[in-house]
Amino acid sequence: MSKDLRINEEIRVREVRLVGSDGEQLGIVITREAQRIAGEQNLDLVEVAPTAKPPVCRIMDYGKYKFEQSKREREARKKQKVVNIKEVKLRPNIEDHDFDVKARNAIRFLEDGDKVKVTIMFRGREITHPELGRQLCVRLAEVCKPYANVERDAKVEGRNMIMILTPKTDVQRETEKKRENRGPKAANVETPE
């Protein structure tokens, strides 16, 4: 149902298909008669399907309906998870300790449920060796593997190389832990026929 429903005197058609307050079909009724029936019950006549032939109207408490609808929308907004994209910038000649710090930041972002955009910035002639950036991306993806999936592989865009990591869901993490706990022997066991 849309937000701008016509109610009571706003309904200008000659006849409507009427639905009672308890959901029962009352048939096709002249609009004035439908408004009178709704008035006797101290309820509103609400046009719920204006494009139908004839339009469908329902007898209901419009104020209560609007309140319930806004309550449902608030609940839906609470359950929504806004995914932000956090960026981690690296250079191709990064030192090990600096790399570890950047990797820890990326893991922290992923644990918070945010996507991570990994940007490798090339300066000057560094762009002639994109394989260094690709190795760095692979190394970071390997470190973040328990926490992330690679959504977009490393790709050169201008003077930067960009890779995007998305956080794994809790279910994915649990199944991977179970696989690791089984060990390599369990994975290679053949079933008897």
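Everything below is about the structure printed above this text.
Just so it is clear, the structure is predicted and the values come from calculations on it, not from any experiment.

Parameters at a glance
- Residues numbered from 1 in each chain as written.
- Predicted model: local features only at pLDDT ≥ 70, side-chain atom pairs only at ≥ 80, totals over all residues.
- Heavy atoms only, no water.
- Pairing = 2+ DSSP bridges.
- Helix = DSSP H or I, 4+ residues; strand = E, 2+ residues; numbered from the N terminus.
- Axes fitted to C-alpha atoms, helices over the stretch in contact; angles between N-to-C directions.
- Contact = heavy atoms within 4.5 Å.
- Buried < 20%, exposed > 50% of the residue type's maximum accessible area, 1.4 Å probe, protein only.
- Expected span 1.5 Å × (residues − 1).
- Arc of directions from axis to C-beta.
- Salt bridge = Lys/Arg side-chain N within 4 Å of Asp/Glu carboxyl O.

Draft legend 1. Quick look at the sheet that holds strand E2 (residues 25-30). Read from one edge to the other, the open sheet built from four strands follows the order E2-E1-E4-E3, with strand pairing classed as mixed. If you trace the sheet from one side to the other, it starts and ends with E2 and strand E3 (44-49), each paired once. Geometrically, the sheet is characterised by an average inter-axis angle of 35 degrees between neighbouring strands, direction not taken into account. Judged from the five bridges that link them, strand E1 (residues 15-19) and E2 form a sheet pairing that is antiparallel. Counterpart to Leu-18 in the pairing with E2 is Gly-27. Against the sheet, helix H1 (residues 31-40) engages E1, E2, E3 and strand E4 (56-60), with an angle of about 125 degrees to E2.

Draft legend 2. Expanded view of unusual backbone geometry. Residue Lys-53 is joined to Pro-54 through a cis peptide bond whose omega torsion reads -10 degrees. Relative to the helices and strands, Pro-54 resides in the loop between E3 and E4. In this model, Asn-8 sits at a positive phi of 45 degrees, which is unusual for a non-glycine residue. Residue position: Asn-8 is located in the segment before E1. The backbone of Asn-42 shows a phi angle near 55 degrees, a positive value even though the residue is not glycine. Tracing the sequence through the fold places Asn-42 in the loop between H1 and E3.

Draft legend 3. View of the environment of Pro-54. You can call Pro-54 buried: its relative accessible area is 16%. When the C-alpha atoms of Pro-54 and Val-29 are compared, they prove to be 9.7 Å apart, with 25 residues separating the residues in sequence.

Draft legend 4. Focus on helix H3 (residues 96-111). With 16 residues, H3 extends 22 Å from end C-alpha to end C-alpha; this agrees with the ideal 22 Å at 1.5 Å per step. Those residues of H3 lying buried are Phe-99, Ala-103, Ala-106, Ile-107, Phe-109 and Leu-110. Along the axis of H3, the buried positions cluster into a sector of 160 degrees, meaning they face one direction only. Residues of H3 that are exposed and point over 90 degrees away from its buried face: His-97 and Arg-104. Gly-113 sits one or two positions beyond H3 and adopts a positive phi of about 90 degrees.

Draft legend 5. Focus on the pairing of strand E7 (residues 148-157). Note: E7 against strand E8 (residues 160-167), seven bridges, orientation antiparallel. Residue Glu-157 lies in a different strand from E8, and its bridge partner there is Asn-160. Linkage of E7 to E8, two consecutive antiparallel strands, is achieved through a turn of two residues, within which Gly-158 is found at a positive phi near 70 degrees.

Draft legend 6. Local environment of the pairing of E3. Sheet analysis places E3 next to E4, joined by five bridges and oriented antiparallel. Paired with Glu-47 across the strands is Cys-57, a residue of E4. Between E3 and E4, which pair antiparallel in sequence order, lie six residues.

Draft legend 7. Structural detail: the environment of Leu-132. Counting through the fold element by element, Leu-132 comes out in helix H4 (residues 130-143). In this structure the C-alpha to C-alpha distance between Leu-132 and Asp-153, which are 21 residues apart in sequence, comes to 15 Å.

Draft legend 8. Molecular detail of the pattern of salt bridges. In this structure the tally under the stated criterion is eight salt bridges. Between Arg-139 and Asp-96 there is a salt bridge whose closest N-O contact spans 3.2 Å. With a gap of 43 residues between them, Arg-139 in helix H4 and Asp-96 in helix H3 connect regions that are remote in the sequence. Judged by relative accessible area, Arg-139 falls into the partly exposed class, the value being 32%.

By themselves, these observations are geometric and do not establish any function.
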